[in-house]
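Spelled out from the first residue to the last, the chains are:
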Amino acid sequence: MTNGVLLAGRLILAASLLPEAVARAANVSGFGLQLWMKGMPYPTVVASAVVVAQLIGPIALVLGCAPRLTAGVLIAATVTTTGIMHRFWELAGTARQAEQALFLAQAGLVAGLLFYAAAGSGAWSWQAWWKRDAAKPKAAARKKSRPRPAAPRQAKVQDELSEAA
């Protein structure tokens, strides 16, 4: 049951992140302009890096590849964009409420990614499959190279026991 829950969590996180990534990828220069208007240094570089992370990250989430690295990159991208784009503390009225709701939604995604980094991807993932395949040859090699106790050693122990008597 745990592996199913981990898979469902990965799929839901990916589904939550992908629409925003596709929208930003369709207009990277517009996203860079938004970052520039908010005062972000090197907005085109940051926008490009965020878009690449947000496009590759959900794919890695679905497959269960490198959970800590994937979560770390997606957390960095989400925290960066959330901190710049949703500064609700600078606003008042309904605009503040809307930005605060978006900020908290992004904080929820970060929390889910932190859980993913801590729990890992589970047995139903590409990483677990890869580890199982990599462990098979090693286990077979250990079985073949395991030395068996030799009969002369047992005879030596018997000789020592008879001498002691």
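In case you missed it, the structure is sitting above this.
These figures come from a predicted structure and were not determined experimentally. (Residues numbered from 1 in each chain as written. Predicted model: local features only at pLDDT ≥ 70, side-chain atom pairs only at ≥ 80, totals over all residues. Heavy atoms only, no water.)

**What about helix α2 (residues 28-37)?**
For α2, the set of buried residues is Phe31, Gly32 and Leu35. One side of α2 holds all its buried residues, which, seen down the axis, span an arc of 100°. The outward face of α2, more than 90 degrees from its buried face, is lined by the exposed residues Ser29, Trp36 and Met37. Of the surrounding secondary structure, the elements contacted by the buried residues of α2 are α1 (2-26), α3 (43-63) and α4 (67-85). Positioned one or two residues after α2, Gly39 has a phi angle of 95°, which is positive. (Buried < 20%, exposed > 50% of the residue type's maximum accessible area, 1.4 Å probe, protein only. Helix = DSSP H or I, 4+ residues; strand = E, 2+ residues; numbered from the N terminus. Arc of directions from axis to C-beta. Contact = heavy atoms within 4.5 Å.)

**Some remarks on a nonpolar patch on the surface**
On the surface, Leu11, Ile59, Val62, Leu63, Trp126, Trp129 and Trp130 cluster together to form a nonpolar patch covering roughly 700 Å² of accessible area. For the nonpolar patch, the secondary-structure elements that each account for two or more residues are α3 and α6 (126-145). Note on placement: Val62 falls in helix α3. Since its relative accessible area comes to 36%, Val62 is described here as partly exposed. (Patch = residues over 30% accessible without salt bridge, like charges linked within 9 Å, V, L, I, M, F, W, Y side chains within 5 Å. Areas by Shrake-Rupley, 256 points an atom, 1.4 Å probe, with all protein chains shown as cover. Salt bridge = Lys/Arg side-chain N within 4 Å of Asp/Glu carboxyl O.)

**Here's the deal with the packing of aromatic side chains**
Applying the stated criterion to the full structure yields three aromatic pairs. Each ring, one from Phe88 and one from Trp89, has its centre 5.2 Å from the other, and the planes form 75°; the classification is edge-to-face. Note on Phe88: relative accessible area 13%, which makes it buried. Ring centres of Phe88 and Phe103 lie 5.2 Å apart, and the angle between their planes is 65°; this geometry places the pair in the edge-to-face category. Here Phe88, found in the loop between α4 and α5 (93-119), pairs with Phe103, found in helix α5; they are 15 residues apart in sequence, far enough to count as distant. Taken together, Phe88, Trp89 and Phe103 form an aromatic cluster joined through their ring pairs. (Phe/Tyr/Trp six-rings, centres within 6.5 Å; stacked < 30°, edge-to-face > 60°.)

**Thoughts on the side chain of Glu99**
Turning to its location among the elements, Glu99 is positioned in helix α5. As a buried residue without a salt bridge, Glu99 has its nearest oppositely charged side chain in Lys38, at a separation of 5.9 Å. One polar contact links Glu99 to His86, side chain to side chain, over a distance of 2.7 Å. With sequence-adjacent residues up to four places away left out, Glu99 is seen in contact with Met85, His86, Phe88 and Leu91. (Lys, Arg positive; Asp, Glu negative; His and termini not counted. Polar contact = N/O pair within 3.5 Å; in protein donor to acceptor, adjacent residues only side chain to side chain.)

**Thoughts on the packing of α2 against α3**
Where α2 meets α3, the closest approach of the two axes is 8 Å, and the angle between their N-to-C directions is 125°. Considered as vectors, α2 and α3 are oriented oblique to each other. Judged by the sense of rotation from one axis to the other, the crossing of α2 with α3 is right-handed. Counting all contacts with α2, which are made through Val28, Phe31, Gly32, Leu35 and Trp36, the residues of α3 involved are Pro43, Val46, Ala47, Ser48, Val50 and Val51. Taken together, the residues of the contact of α2 with α3 break down into nine nonpolar, two polar and no charged. (Axes fitted to C-alpha atoms, helices over the stretch in contact; angles between N-to-C directions. Parallel < 35°, antiparallel > 145°, perpendicular 65-115°, else oblique. Left-handed = near helix turned anticlockwise from the far one by under 90°. Nonpolar A, V, L, I, M, F, W, Y, C, P; charged D, E, K, R; others polar.)

**What to know about the pattern of salt bridges**
Evaluation of the coordinates by the stated rule reveals two salt bridges. With a shortest N-O distance of 2.7 Å, Arg24 and Glu20 are connected by a salt bridge. With Arg24 and Glu20 both in helix α1, this residue pair falls four residues apart, about one helical turn. Its relative accessible area of 12% is what places Arg24 among the buried residues. Salt-bridge contacts for Glu90 lead to Arg87; the nearest nitrogen and oxygen are separated by 3.6 Å. Given the relative accessible area of 53%, Glu90 is considered exposed.

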